[in-house]
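Chain by chain, the residues:
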Amino acid sequence: MAISTSTPSDGAPGTAPSAGTGTGGDGQRRSTLLHRLDVRGAPYAFVAPFFVVFAAFSFYPLIYTSWISLHRVELSTLNLMEWVGFDNYTALWDDDRFWNALLNTITIGVLSTVPQLLMALGLAHLLNYRLRGSTFFRVAALTPYATSVGAAALVFTMLFERDFGMINWMLSLFGVENIDWENNKWAAQTAISSIVIWRWTGYNALLYLAAMQAIPRDRYEAAAIDGASRWQQFLMVTVPGIRSTIVFTIVLSTIGATQLFGEPLIFGQGPNGITGGADNQYQTLGLLLYEEGWKNYQMGRAATVAWAMFLLLIVVFVVQRVVQRVAARKA
Amino acid sequence: MTTDSIPVRAADAPPETVRMKRGATPSGARRRRLFAHPRAGRQHHAGPLAYILLGIAALFSLFPLYWTMVAASTDNTRVTQTPPPFLPGPHLLENLGKAWQDAALGKAMLNSLIVAGVIALSTVLFATLAGFAFAKLRFKGRNILLMLVIGTMLVPPQLGVVPLFMMMTELGLGQKLPAVIFPTLVSAVGVFFMRQYLSEALPDELVEAGRVDGAHSLRIFWSIVLPIARPPMAVLFMITFVHAWNDFFWPFIVLDMSNPTVPVALTQLSAGYVRDQSLIMAGALLGTLPLLAMFIIFGRQIVGGIMQGAVKG
């Protein structure tokens, strides 16, 4: 930054660069030098803050996580690191809670992501019609996104309450017995997924809508001439037209799903939150990380879980890439 | 999902207008062209069925918030009866007041305001600087650096929490607001968002003209780029503010109940310290109100910004 701020000749538009600075020739030379420095250096100065902050607070911690995972570190004595090699990893591998949390993360991830994106696609299609009050519908769809995890999870916890919750009451109108949303594993995972779905469907719908609006109209006209029905047009023009957005939202949702933390924590209402229910029935990897580090005080173990989450993410991306390739080849 | 980002659009088709105050910019014609893009994909008028389905979707979106208000305005006995209440009761202000005290929401609100405000300001500033450089300045390694920026979006910051926590403790920042602020001072999505906007909205000739007049880069940024970039900056500010206000995992780890942000303070309500269900809902409502207010006033701009940031097919 210093480069650009220290330039002496602040020539206002219309004045010569060297006007007013020192003796003519010397000032000229100095300002050309500074000018060249400015042109060369300023771009780097402008992008530097991003990279400095990212390196210090994201990249370095990510790398350092792997180093910590090879040590025994306790929360109370953070500066004492005892080398244990791969002990944390073998312990994690042998730990049932890890496999349980991994499975829960995957099942809740699927339960929340798939319906969310499908519903977002439908909603975007509806919003893409010529509408009265389209701004209202768009803002309404996005409102849950303004609600914090904390507030949303509190409200849904109450809606899913076993004895007096709104949802059990509604189900009872159809003759369904009260469901124990917290203690039944699949019920709990469904409830948690519904929080995620509620918060993010509208957001994704707007992304799809933006992409749909960029599809040239003549593609629809051509399809209509070929005799394609509305539904066929949706499948053959709309969906391919927004494919890269769909891929993008899948990536975003997947990252979100592997990191899931706040929803299950608050859904568990306090002590049961961190363990993901009395039987860990909805403990995610995020919760396990927190439990190891900040409840059991084992930071080395927590780092190992973080690293496992990272690996999971990579595996999911590789699988997704492969599926995409295969699908593209078939098409 | 919970990733902290607004996604990015390849340059050529911003579908929705960002209707903000019109700054006196030299590129009026260009901006009009940018914003008045024909709505290519819109073809059919919506039939009754579409309206019904959209109505249902809006109901699903808004009902939980409405019900929060209802529950917060009754009392514990009424909330825990079946059928549950559907209409507001008389106790709203009383409950809001109590929840404000019980969950120490006053301090939490102030903290969240500081955290979200600082993060949004610095994100906008740095994103505009970097976005300008990537869009209009020529330098070695530009494309590689831009790829790097995009690549960083794929690294969830949550994975580094263990060393980050150790780092903050070492620096004496544990339980302090800077610990929450520092890691999120910049955003890759913001950089990309501003780059996309500026590469279209800012004519090369203007930058060149500034150079010919002898203005240095920071001055060009200040007097030429900033006026043009104001609308997307406002949108980026609001979107970043929403994300920072709602951020949960890291603040929950590094802050404690003596100095929380709003989402962290709200966990106190769920953790059994407060037994009154109406009070819990009142707290949830309070924690959401500032952002809801923002959505009511600027909803259209936020929607436009998110759509403008979307990836194009």
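Residues numbered from 1 in each chain as written. Chains lettered and ligands numbered in written order. Predicted model: local features only at pLDDT ≥ 70, side-chain atom pairs only at ≥ 80, totals over all residues. Heavy atoms only, no water.

For this particular structure, what's the right way to read the overall build of chain A?
A count of helical and extended segments in chain A gives 15 helices and two strands. Going through the 331 residues of chain A one by one, you find that 56% of them count as buried. Taking as baseline every contact in chain A between residues at least 6 positions apart, the subset at least 24 positions apart corresponds to 66%. Accessible surface for chain A amounts to roughly 14800 Å². Of this, 64% is attributable to carbon and sulfur atoms. (Helix = DSSP H or I, 4+ residues; strand = E, 2+ residues; numbered from the N terminus. Buried < 20%, exposed > 50% of the residue type's maximum accessible area, 1.4 Å probe, protein only. Contact = heavy atoms within 4.5 Å. Areas by Shrake-Rupley, 256 points an atom, 1.4 Å probe, with all protein chains shown as cover.)

Any chance you could explain the pairing of strand β2 (residues 77-83) of chain A here in plain terms?
All names here are of chain A. Summarising the sheet, strand β1 (residues 71-74) and β2 pair through three bridges and their orientation is antiparallel. In the sheet register, E74 faces β2, and the bridge partner there is T77. A loop of two residues connects β1 with β2, the two strands running antiparallel in sequence. (Pairing = 2+ DSSP bridges.)

Would you mind showing me how to read the UniProt feature "transmembrane region" (unreviewed entry) in chain B here?
Under the present numbering, the feature "transmembrane region" (unreviewed entry) in UniProt falls on residues 49-67, 108-132, 144-165, 177-198, 219-245 and 279-298 of chain B. Secondary structure content for residues 49-67 of chain B is 100% helix and 0% strand, and the end C-alpha separation is 26 Å. (UniProt positions renumbered as here; feature names shortened; annotations may be inferred.)

Which parts of the structure should I look at to understand the UniProt feature "transmembrane region" (unreviewed entry) in chain A?
All names here are of chain A. Taking the numbering used here, the UniProt-annotated feature "transmembrane region" (unreviewed entry) corresponds to residues 44-63, 101-127, 139-160, 191-212, 233-255 and 304-323. Helix makes up 100% of residues 44-63 and strand 0%, and the two end C-alpha atoms of the span are 25 Å apart. As annotated, residues 139-160 comprises 68% helix and 0% strand, and the C-alpha atoms at either end are separated by 26 Å.

Explain the side chain of A:Q281 here, please?
Residue and element names in this part refer to chain A. Structurally, the position occupied by Q281 is in the loop between α13 (271-274) and α14 (285-295). At 3.0 Å, the side chain of Q281 and the backbone nitrogen of D279 are in polar contact. Residues contacting Q281, with those up to four places away along its chain left out, are N104, E182, N183, K185, Q189 and G276. (Polar contact = N/O pair within 3.5 Å; in protein donor to acceptor, adjacent residues only side chain to side chain.)

I tried to follow the pattern of salt bridges on my own but got confused; where do I start?
Think of it this way: side chains of opposite charge can pair up when their charged atoms draw near. Residue and element names in this part refer to chain A. Under the defined criterion, the tally for this structure stands at 10 salt bridges over all chains. When the shortest N-O distance is used, the salt bridge between E292 and R97 registers 3.0 Å. Of this pair, E292 sits in helix α14 while R97 is found in helix α4 (residues 96-127), placing the two residues 195 residues apart along the sequence. Between R162 and D180 there is a salt bridge, with the nearest N and O atoms lying 3.9 Å from each other. (Salt bridge = Lys/Arg side-chain N within 4 Å of Asp/Glu carboxyl O.)

Got a minute to help me understand the layout of surface pockets in this structure?
To find leftover empty space, one rolls a probe the size of a water molecule over the atoms. For the second largest pocket, the calculated volume is near 940 Å³. Along the walls of the second largest pocket sit 32 residues, with A:M119, A:F156, A:W198, B:F60 and B:S61 positioned nearest its centre. Breaking the lining of the second largest pocket down by element, the ones donating at least two residues are α4, α6 (149-159), α7 (166-173) and α8 (185-213) of chain A together with α2 (48-73) of chain B. Considering each element in turn, the lining of the second largest pocket owes the most residues, eight residues, to α2(B). The residue inventory of the lining of the second largest pocket, partitioned by class, reads 25 nonpolar, seven polar and no charged. (1 Å grid on protein atoms, 1.4 Å probe; cavity = no way out; pocket = protein on both sides within 12 Å on 5 of 7 lines; lining within 4 Å. Points joined across faces, edges and corners; volume = space filled by probe spheres on them. Nonpolar A, V, L, I, M, F, W, Y, C, P; charged D, E, K, R; others polar.)

Would you mind going over the side chain of B:T288 with me for this structure?
Along the polypeptide, B:T288 turns up in helix α14 (residues 277-308). Beyond its immediate sequence surroundings of up to four residues, B:T288 is in contact with A:A146, A:T147, A:A151 and B:L65.

I keep staring at the interface of chain B and chain A and nothing clicks. Help me out?
For an interface, size is often stated in terms of accessible area lost upon the parts coming together. Listed as interface residues are 119 residues of chain B and, on the opposing side, 124 residues of chain A. For the pairing of chain B and chain A, the buried interface totals around 10700 Å² over both sides, and the portion due to carbon and sulfur atoms is 74%. For A:D38, the salt bridge identified is with B:R211, shortest N-O distance 3.8 Å. Seen at the junction of chain B and chain A, the total is nine residue pairs in polar contact (both at pLDDT 80 or more). Sort the elements by how many residues they give to the side of chain B that touches chain A and α2(B) lands first, with 15 residues. A per-class count over the side of chain B that touches chain A returns 79 nonpolar, 29 polar and 11 charged. (Buried area = accessible area lost by both parts, 1.4 Å probe.)

How should the packing of aromatic side chains be read in this particular structure?
For any pair of aromatic rings, geometry is given as the distance between the ring centres together with the angle between the planes. With the rule as written, the count across this model stands at 38 aromatic pairs over all chains. Taken together, a centroid distance of 5.4 Å and an interplanar angle of 65° make the contact between A:F136 and A:F137 edge-to-face. By relative accessible area, which is 13% here, A:F137 ends up buried. Within the aromatic cluster, the residues linked to one another by ring pairs are A:F261, A:Y290, A:W294, B:F165, B:F248, B:F249 and B:F252. In this structure, A:K185 packs its charged tip against the face of A:W186, placed 5.8 Å from the ring centre. (Phe/Tyr/Trp six-rings, centres within 6.5 Å; stacked < 30°, edge-to-face > 60°. Lys NZ or Arg CZ within 6 Å of the ring centre and 35° of its normal.)

Even after reading the chapter, I still don't get α6(A), so can you show me in this structure?
Counting buried residues in α6(A) gives 11 out of 11 residues, a clear majority hidden from the surface. Of all the residues in α6(A), the buried ones are A:V149, A:G150, A:A151, A:A152, A:A153, A:L154, A:V155, A:F156, A:T157, A:M158 and A:L159.

Looking at this structure, I do not really get the environment of B:P231. What am I missing?
Residues and elements named next belong to chain B. Examined against the element boundaries, P231 turns out to sit in helix α11 (residues 217-246). What makes P231 buried here is its relative accessible area of 3%. Along the chain, P231 and G305 lie 74 residues apart, while their C-alpha atoms are 9.3 Å from each other.

Where do I start with a nonpolar patch on the surface in this structure?
A surface patch of nonpolar side chains, amounting to about 410 Å² of accessible area, comprises A:L311, A:I314, A:V318, A:V322 and A:V326. According to the relative accessible area criterion, A:I314 is partly exposed, its value standing at 39%. (Patch = residues over 30% accessible without salt bridge, like charges linked within 9 Å, V, L, I, M, F, W, Y side chains within 5 Å.)

Is there a simple way to think about the confidence of the model for chain A in this case?
Low pLDDT marks stretches whose predicted atomic positions should not be read closely. Residue and element names in this part refer to chain A. Put simply, chain A has an average pLDDT of 87, and 90% of its residues get 70 or more. Least confident of the elements in chain A is helix α1 (residues 2-5), whose mean pLDDT is 36; most confident is α4, at 96. Low pLDDT, under 50, characterises residues 1-23; the predicted model gives this stretch 31 contacts beyond four residues in sequence or across chains. (pLDDT = per-residue confidence, 0-100.)

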